[in-house]
Amino acid sequence: GHEAEGLELLGRLMAARPEAETTRASESIADTLVGRRLYPAAYRLLASMLGRYEGLKFKEVALECAYLQLEMGRPAAADRHLRQAEAVEASSKATIAMTNLIRGIRALGANQVDAALDLLGESLADLEPFSRQKEIALYYNYRAYRKADQPDVADNILQELKLVYPDGAYADSLEDAS
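Model, not experiment: these values are computed from the prediction.

**Structural notes on the pattern of salt bridges**
So, point 1. Taken as a whole, this structure holds seven salt bridges when the rule is applied.
So, point 2. Put simply, Glu27 and Lys57 hold a salt bridge, and the shortest N to O gap is 3.3 Å. Within this pair, whereas Glu27 is found in helix α2 (residues 19-35), its partner Lys57 is found in helix α4 (residues 55-71), the two being separated by 30 residues in sequence.
So, point 3. Assessed through its relative accessible area of 31%, Lys57 is described here as partly exposed.
So, point 4. Among the salt bridges present, the one from Arg146 reaches Asp155, with a minimum N-O distance of 2.5 Å.
So, point 5. One network of salt bridges, in which partners are shared, links Glu27, Lys57 and Glu60.

**A closer look at unusual backbone geometry**
So, point 1. Of note, the phi angle at Asn111 is positive, near 65 degrees, even though the residue is not glycine.
So, point 2. Mapped onto the secondary structure, Asn111 falls in the loop between α6 (93-109) and α7 (113-126).
So, point 3. Phi angles above zero are rare outside glycine, and Asp149 is one such case at about 60 degrees.
So, point 4. Note on placement: Asp149 falls in the loop between α8 (132-147) and α9 (151-164).
So, point 5. Given the relative accessible area of 63%, Asp149 is considered exposed.

**Concerning the packing of α4 against α6**
So, point 1. Between α4 and α6, the least distance of the axes is 10 Å, while the angle of their chain directions is 15 degrees. Overall, the two elements α4 and α6 adopt an arrangement that is roughly parallel. In this structure, the crossing between α4 and α6 has a hand that is left-handed. Where α4 approaches α6, its residues Leu56, Lys59, Glu60, Leu63, Glu64, Ala66, Tyr67 and Leu70 are matched on the opposing element by Thr95, Met98, Thr99, Ile102, Ile105 and Arg106.
So, point 2. When the residues that make up the contact of α4 with α6 are grouped by side-chain class, the tally is eight nonpolar, two polar and four charged.

**So, the packing of aromatic side chains**
So, point 1. Within this structure, the stated rule accounts for three aromatic pairs.
So, point 2. With a centroid separation of 6.1 Å and 90 degrees between ring planes, the pair formed by Tyr39 and Tyr67 is classed as edge-to-face. One end of the pair, Tyr39, is in helix α3 (residues 39-49); the other, Tyr67, is in helix α4, with 28 residues separating them in the sequence. Per residue, the accessibility class of Tyr39 equals that of Tyr67, and both read buried.
So, point 3. One aromatic cluster in this structure is built from Tyr139, Tyr140 and Tyr170.
So, point 4. A cation over an aromatic ring shows up here: Lys57 above the ring of Tyr53, its NZ or CZ 5.7 Å from the ring centre.

**Some details on the nonpolar core**
Nonpolar side chains in soluble globular proteins tend to end up buried together.
So, point 1. In terms of nonpolar packing, the biggest core is built from 55 residues, with Tyr67, Leu68, Ile102 and Tyr140 touching the most fellow members.
So, point 2. Among all residues touching Ile102, those that are not within four sequence positions of it are Leu63, Ala66, Tyr67, Leu70 and Leu82.

**Considerations on the side chain of Ser123**
So, point 1. Mapped onto the fold, Ser123 is located in helix α7.
So, point 2. By relative accessible area, Ser123 is classed as buried at 0%.
So, point 3. Setting aside residues no more than four positions away along its own chain, Ser123 makes contact with Ala97, Asn100, Leu101 and Ala137.

Criteria and cut-off values
Residues numbered from 1 in each chain as written. Predicted model: local features only at pLDDT ≥ 70, side-chain atom pairs only at ≥ 80, totals over all residues. Heavy atoms only, no water. Salt bridge = Lys/Arg side-chain N within 4 Å of Asp/Glu carboxyl O. Helix = DSSP H or I, 4+ residues; strand = E, 2+ residues; numbered from the N terminus. Buried < 20%, exposed > 50% of the residue type's maximum accessible area, 1.4 Å probe, protein only. Axes fitted to C-alpha atoms, helices over the stretch in contact; angles between N-to-C directions. Parallel < 35°, antiparallel > 145°, perpendicular 65-115°, else oblique. Left-handed = near helix turned anticlockwise from the far one by under 90°. Contact = heavy atoms within 4.5 Å. Nonpolar A, V, L, I, M, F, W, Y, C, P; charged D, E, K, R; others polar. Phe/Tyr/Trp six-rings, centres within 6.5 Å; stacked < 30°, edge-to-face > 60°. Lys NZ or Arg CZ within 6 Å of the ring centre and 35° of its normal. Core = buried A, V, L, I, M, F, W, Y, C linked by side-chain atoms within 4.5 Å.

Listed below in structure tokens is the structure:
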């Protein structure tokens, strides 16, 4: 309920610190906000930092912004960030995995379950273990297997989510929905 006030205070605190220090802190805070599924706050923080980066790091942050826009129901804004990311030639295993995750989420939203499972599977194979992105990919993989009417596989994914991310809001949201 006090998200705007909290972000304003955070902004004032960060403005008083050296840029390198605030960049690291902002990335950590944004990751925590995403983990709690506080997408607008995480987006505002990451989007405000895009101008600080170039190259591969810019691409990584632009992809995070694209993901957050999807979560907030803004596909056109997600496309804009995806185009920003794609304009950077450099890529890494992480940026390819994040791109596949975004495409998998999109495919799932369009009821293209087989395509979603393929893209999410590719993403899961390349994401770092225990990362926030891996938690997100597992969450959407669970949803895709539910849509594919494979509840046993989906339940195994939910168990993995709970085991690996015991404090994660993603697994909690799935349990709340069931």
